[in-house]
Every structure is written in C-alpha cells, then in structure tokens.
Amino acid sequence: SSGINAEYGRILGEVQVPKAVQQEEADYEDPQSWILNGNSITKVGGNYWYVAVDTDMSGISGDMLRSWFETVNCSDMYRWWHPKDHSYGVWLTYDSYEASTSLVARQGKIHRVKEKIGRKMHKLDIFFHDPCVGKDCEVLKAQGVELILSGRVHAHLTPIGRVYAGFFIHTLRVDDAGSTLHSRFTMGKNVHCLDHPNSWACSLFDTFQWFIKKVMLSEKNAGAMFIHCREEMFTLGRLLAKLNNVSSRD
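The present account deals with the structure reproduced in this document. (Residues numbered from 1 in each chain as written. Predicted model: local features only at pLDDT ≥ 70, side-chain atom pairs only at ≥ 80, totals over all residues. Heavy atoms only, no water.)

### Focus: the environment of Lys123
Point 1. Mapped onto the fold, Lys123 is located in strand E6 (residues 120–128).
Point 2. Residues Lys123 and Lys135, twelve residues apart in the sequence, show an inter-C-alpha distance of 31 Å. (Helix = DSSP H or I, 4+ residues; strand = E, 2+ residues; numbered from the N terminus.)

### A few points about the pairing of E6
Point 1. For strand E5 (residues 109–117) and E6, the ladder comprises eight bridges, and the chain directions are antiparallel. The residue bridging Glu115 from the neighbouring strand is His122, located in E6.
Point 2. Taking the residues that link successive antiparallel strands as the turn, the E5-E6 hairpin has two residues, and the phi of Gly118 there is positive, at about 75 degrees.
Point 3. One ladder, built from five bridges, connects E6 with strand E7 (residues 145–157); its direction is antiparallel. Across the sheet, residue Phe127 finds its bridge partner in E7, namely Arg152. (Pairing = 2+ DSSP bridges.)

### Let's talk about the state of the cysteines
Point 1. Inspection of every chain in the model, using the stated rule, returns two disulfides.
Point 2. Linked covalently through their sulfurs, Cys132 and Cys137 form a disulfide whose S-S length is 2.2 Å. Between Cys132 and Cys137, the disulfide has an S-S torsion of -95 degrees and is therefore left-handed.
Point 3. Its relative accessible area of 2% is what places Cys132 among the buried residues.
Point 4. Residue class for Cys137 comes out buried when judged on its relative accessible area of 2%.
Point 5. Disulfide pairing places Cys193 opposite Cys202 at an S-S distance of 2.2 Å. Given an S-S torsion of about -120 degrees, the disulfide between Cys193 and Cys202 has left-handed geometry.
Point 6. Of note for the protein: the bonded cysteines, numbered N- to C-terminal, pair according to 1-2, 3-4. (Disulfide = S-S within 2.5 Å. Buried < 20%, exposed > 50% of the residue type's maximum accessible area, 1.4 Å probe, protein only.)

Next comes the structure, spelled out in structure tokens:
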C-alpha cells in the first residue's frame, strides 16, 4: 500500500475546487443528470448544495467496483482505502430486496462509517438503496454505464440523534475513452430529525434549521466534500488497478 499512499499524497495539493454557482432549480432525479455537468458545485434555490465530481478510473470495470464494495467489510480495509480521512467502517443490513436493474449494487445495506470531511470527523449511516425505482435507468446501459451505487446519508449529531443530511449517487461509465466515475452529492435538501422528531433537541433543530444549515452546509463545506470525494475516488481507482493488475495510468 505504500506506493498507493505515495501517489495519493502527491495529489493532495493539486485538487482545485471549482467556483460555486447559483441555480434556481434543477432536476437531479433524472438519471441522465447523473453523468452530466461534472466537477462543479451548485447552490440550488439558495436552499441546498449539489456537488458533482468526475474521477478517471480507466481500466476499472463495474464488476471490479462492485466486488470492492462487497469486500471492504472491516475498518482496516476502509482505512487502507483512504488513510487520511477514513477511520471506521462496517456493513449492516436493513432490508433485502432485488434491485430494479442489474446496474444497482448494495441496495438494502447500511455502511456505518466514521470519516473526516474537511477538518471534522463525522459518524454516518449510509443507507444504500435503489435510485432507479420508477425511472428508466436502462437507457444508461447504452451509454456505457456498468454500475450505480446510491445512498441516503444519516448523520449522528449529539444530542439530536440521527439527522437526514442528503444523498449521493456514484455512476461508473465505461467507453472507448476509458472509465469515469460520476459522483453526485445532494447536501442539505429536506434535512430533518430521524430518531426523536418530537424531542426538545429536534424542536430546537427545526426552529433554527436555517442557521444550522448555514453553518453546516456552507460553501466551504461543499468544497470540503468536493476535495474529499476527489481524493477518495482517485485513491480507490489506483487501488483497484493494483488489486486487479490493471496497467498503471498517468
């Protein structure tokens, strides 16, 4: 892993965060949007953030990426993946069901993690689900999409408990130019308490949600998510290349 970590360290100073732009409304439910407009940070309607990161994963297939998420079942492997930010990670199951398309992986699983985004360590429950229910995701196959990973993010906040914070979609597309992982994060849309919605802590959270969202979901935090994803997926691409004997990339 030393070679991987050395290459990871080489890019730490190279991540350029794009300038945030404003947009009144957007339809990020459309599967086509999951592979468009990469490497951008958008404030939507002044209410939530949409962070888009595209990562070169040339040589990596959907089966390789699917296998990794089925294999990374302990904290040691999770830390190996991203030693700078990952601290803890275990898989749990909340439901068992068949996905609406073979493109979707890990539906019904929870990834309980502790990881650093920016300067703060977060405890998160990531509920992987099928984002293609009721949508025509099959059209993505014709565009080279081989795998879709999507999760709803529940953040553990003391003393509130778990709070719904947003969701993400990772879409791996393979074409003649190589493989690209399109990562899309929606941060701060429909934020709400999950464990004790009638508690004093949740009432306080709801009353001052505008302030909490301003602090927790600032442009700086959206930029931190962009950097975290860029580093995390860059490292994963190099790690999978080594594990699968894929030719090294520039």
